[in-house]
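Inside the fold
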Amino acid sequence: MNPVYASVREISEAIRTGETSPVDLAEVFIGRLREHGPKLNSVVTIMEGRALKEAKEAQREIREKGQGGPLHGIPYGVKDLIATRGAPTTWGAAPLKDQVFNHDATAVMRLRRGGAVLCAKLAMIELAGGMGYRQPYASFTGPCATPWSLKHWSGGSSSGSGSSVAAGLVPFALGSETWGSILSPANNCGVSGLRPTYGRVSRHGAMALSWTLDKLGPLCLTADDCGIVLEAVSGYDPRDTTTTRKRYKYKVEVDEFRLGVPKDALDETQEAVAGSFRESLRVLERFATVEEVEFPVFPYEAVTRTILNAEAASAFDEFTEEDLARGLTAPEDRYGPYARTILLARDYLKALRLRARMAEIAENVMSGYDAIVAPARKTAASPIDQEFRKVAPGTAKDVMGALGNGAGLPAISVPNGFSEEGLPTGIQFMGRAYDENRVLSVAVEYQRRTDWHRRHPPAFKA
Amino acid sequence: MESTRVEAETLFRLVEQLYGAVLAEAELEEVRKGVERIVEASSELRAVKLGNWDEPFTVFTPRRRRGK
């Protein structure tokens, strides 16, 4: 069995039948991380010693007690803002390249409990973009490429998580999203990336950019795999008091789905993105009712942006007060944190008060739907040497991103086509709070009827 | 709007006072633009009317150790 580009579910079945073993898998994927990681700038640290130790333990457990669950013996990587024992956790930032924690983040502990095998810390935009980066070079490990074209950006800030999964360097990875950081690399790299409901996954041990916006989530080859990983990492954690006590069990639901498409979903999208999206709607209409929806006028972006700015200003206080930003890689990140130091408390609180109204708007509009559907991003991957904001400089608002993250709603991006340059495009399904299973069910059914997720970059053969 | 411009300029002067020594001229210009964007967003928020009873979404749980 060749595990490269096999889904987590398929690899798990191969372990069960004895076609492969955790140690074989760890060796295969460590080999690929070593061979291909540098070409993509997608890997910070390969954790060979820990991976082989965990793989041997998993192998022994499976031999003695049987397979414990679908992640038992499966290799994975994590975005380098998630704390792990035995390797630096750099947050993608040069001034912190030697930062070491002596504990594992809760999500990592839960994956370990499920028998998964940690193989690598994956590249990211420095401080998860918290300093206002504008270009792919904003990382001390260099600009991360999408495996579909080394001249194009992987997306960010979970850059290495998207790129590594897409190139078959790990079967799955964890990323994080404050505003767009899972959906963007999923879109640019052509993988499935799930942003869970805020509070679904413990943030303990993960770098804080914005305490009330940050979410950890999986990037995988399939939506089905995202559900498997989410079940393993989710749950209440006393070390993160914002985690929900609602238990999550992944389950694909079969139903006559109702989907809403925002009236302005295709405003200022690239032609290829619009084309892929229209084709996707034709597929969706075969198993769902698709209707146009309209979100009322509201300062969605101003609310989420103000919360993000205020919390990031506090979270990275020492970067301004001790001038640590000077050591960052991207020039714009060196002065980025200063402007927001003057954000007034009354405006932050107003944003937090309006957030309650925003969550109400989301419920009102979305309560009749299983998911709101839109292109994951307005463009395919931008050239690696250009400021990405200049590639699509339009004035269209990112309502889905602002509302989805501001109201803490789950969303998944899955691949739905290619641009003329052969770069992947993505479609996102955004659901109501705690409705990951509805969102995943729609995405799983979409992937059952399409094969975009089974196409892999030719330069990174299995 | 004049009041927004004045607010942005005043707040920018504060940043300049506090951090101007570590920022180059070109960087300060970028910071000025950043301050303007922040004030613009704040103006959008202030334009939405809320009731006195509309509370912010915050999480705070009073703590008390067991048995003490």
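Quick summary incoming for the structure in this document. Per chain, the residues get numbers from 1 upward, laid out in the order the sequence is written. Chain A is the first chain written and ligand 1 is the first ligand written, with later ones labelled in order. Only residues with pLDDT of at least 70 get local features here, since the model is predicted, and only at 80 or more are side-chain atom pairs given and counted; chain-wide, interface and lining totals rely on the full set of residues. Think of the side-chain values as coming from all heavy atoms in the structure, minus any hydrogens and water.

**Observations concerning the overall build of chain A**
Secondary structure assignment for chain A yields 15 helices and 13 strands. For the radius of gyration, the atoms used are the C-alpha atoms, and the globule rule reads 2.2 Å times the number of residues raised to 0.38. Compactness check: chain A gives a C-alpha radius of gyration of 20 Å against a globular reference of 23 Å for 462 residues, within 12% of the reference. Relative accessibility under 20% of the residue-type maximum defines a buried residue, over 50% an exposed one, and the middle range a partly exposed one, all with a 1.4 Å probe and only protein chains included. Taken across its 462 residues, chain A has 64% of its residues classed as buried. In short, Shrake-Rupley with a 1.4 Å probe defines the accessible areas, and a residue's cover is counted only from the protein chains shown. Total accessible area on chain A is roughly 16600 Å²; 48% of this is exposed by carbon and sulfur atoms. Asp and Glu are treated as the negative residues and Lys and Arg as the positive ones, with His and the ends of the chain left uncounted. To locate a charge, the coordinates of NZ of Lys, CZ of Arg, CG of Asp or CD of Glu are taken. In chain A, 56 side chains carry a positive charge and 56 a negative one; their mean positions are 3 Å apart. A run of DSSP states H or I qualifies as a helix once it reaches four residues; a run of E qualifies as a strand once it reaches two. Both are numbered from the N-terminal end.

**Overview of the interface of chain A and chain B**
A common way to report how large an interface is uses the accessible area buried once the components associate. Across the boundary between the two partners, chain A contributes 32 residues, which contact 28 residues of chain B. In total, chain A and chain B occlude about 2700 Å² of area from one another, counting both sides; carbon and sulfur atoms represent 66% of this. Buried area, as used here, totals the accessible surface that two parts lose on assembly, with accessibility defined by a 1.4 Å probe and the loss added over both. Together, A:Tyr335, A:Ile342 and A:Arg353 form the three largest contributors to the area buried by chain A at its contact with chain B, with a combined 24%. Any carboxyl oxygen of Asp or Glu that lies within 4 Å of a side-chain nitrogen of Lys or Arg is treated as forming a salt bridge with it. Here chain A and chain B share four salt bridges between them. Looking at the side of chain A that touches chain B, the elements with two or more residues in it are helix 9 (300-315), helix 10 (317-321), helix 11 (331-339) and helix 12 (345-366) of chain A. With 12 residues, the top contributor of residues to the side of chain A that touches chain B is helix 12 of chain A. Contacts are assigned to residue pairs with any non-hydrogen atoms lying within 4.5 Å of each other.

**A short note on helix 1 (residues 8-16) of chain A**
All names here are of chain A. Those residues of helix 1 that fall on the buried side of the exposure criterion are Val8, Ile11, Ser12, Ala14 and Ile15. Viewed along the axis of helix 1, the buried residues span an arc of 160 degrees, placing them on a single side of the element. Residues of helix 1 that are buried in the fold lie against helix 2 (22-40), helix 3 (48-65), strand 6 (172-177) and helix 7 (223-233). Within two residues after helix 1, Gly18 carries a phi angle of roughly 80 degrees, on the positive side. For this quantity, the arc is that covered by the directions from the helix axis to the C-beta atoms.

**Some remarks on the nonpolar core**
We define a nonpolar core as any set of buried Ala, Val, Leu, Ile, Met, Phe, Trp, Tyr and Cys residues linked to one another through side-chain atoms lying within 4.5 Å. One finds A:Leu111, A:Leu127, A:Phe172, A:Leu284, A:Tyr300, A:Ile412 and A:Phe429 to be the most contacted residues of the largest nonpolar core, which totals 135 residues. A:Phe429 has contacts with A:Leu284, A:Ala371, A:Ile372, A:Val373, A:Pro410, A:Ala411, A:Ile412, A:Val414, A:Val439, A:Val442, A:Ala443 and A:Tyr446, leaving out every residue within four places of it along the chain. In this structure, A:Tyr335, A:Ala339, B:Tyr19 and B:Val39 belong to the second largest nonpolar core, which totals 17 residues.

**Considerations on the sheet that holds strand 3 (residues 117-122) of chain A**
Residue and element names in this part refer to chain A. Pairing between two strands is assigned when DSSP locates at least 2 bridges connecting them. Strands sit in the order 1-3-2-6-8-7-12-13-11-9-10 across an open sheet of 11 strands; the sheet is mixed. Because the sheet does not close on itself, it has two edges, and the strands there are strand 1 (43-46) and strand 10 (288-293). Pairwise comparison of adjacent strand axes, ignoring direction, gives a mean angle of 30 degrees for this sheet. With axes taken as lines fitted to C-alpha atoms, and helix axes fitted only over the stretch in contact, angles between N-to-C directions fall between 0 and 180 degrees.

**Description of the side chain of A:Asn187**
Residue and element names in this part refer to chain A. Note on placement: Asn187 falls in helix 6 (residues 183-189). Given the relative accessible area of 1%, Asn187 is considered buried. With near-sequence residues (within four places) excluded, Asn187 lies in contact with Ala376, Arg377, Thr379, Ala380, Ser413, Pro424, Thr425 and Gly426.

**Brief notes about the pattern of salt bridges**
Where charged atoms from two side chains of opposite charge come close, those side chains can pair. Residues and elements named next belong to chain A. Within the structure shown, the criterion is met by 40 salt bridges over all chains. In this structure, Asp104 and Arg85 form a salt bridge, with 3.3 Å as the shortest nitrogen-oxygen distance. Taken together, the positions of Asp104 in the loop between strand 2 (75-79) and helix 4 (106-113) and Arg85 in the loop between strand 2 and helix 4 put the pair 19 residues apart, joining distant regions of the chain. Look at Asp104 and you get buried, because its relative accessible area is 6%. Two residues, Arg438 and Asp370, come together in a salt bridge whose shortest N-O distance is 2.7 Å. You can see Arg438 sitting in helix 15 (residues 436-448) and its partner Asp370 sitting in the loop between helix 12 and strand 11 (371-375), a full 68 residues away along the chain. Each member of the pair, Arg438 together with Asp370, is buried. Salt bridges here are not isolated pairs; linked through shared partners, they connect Arg50, Lys53, Glu54, Glu57, Arg85, Asp104 and Arg112.

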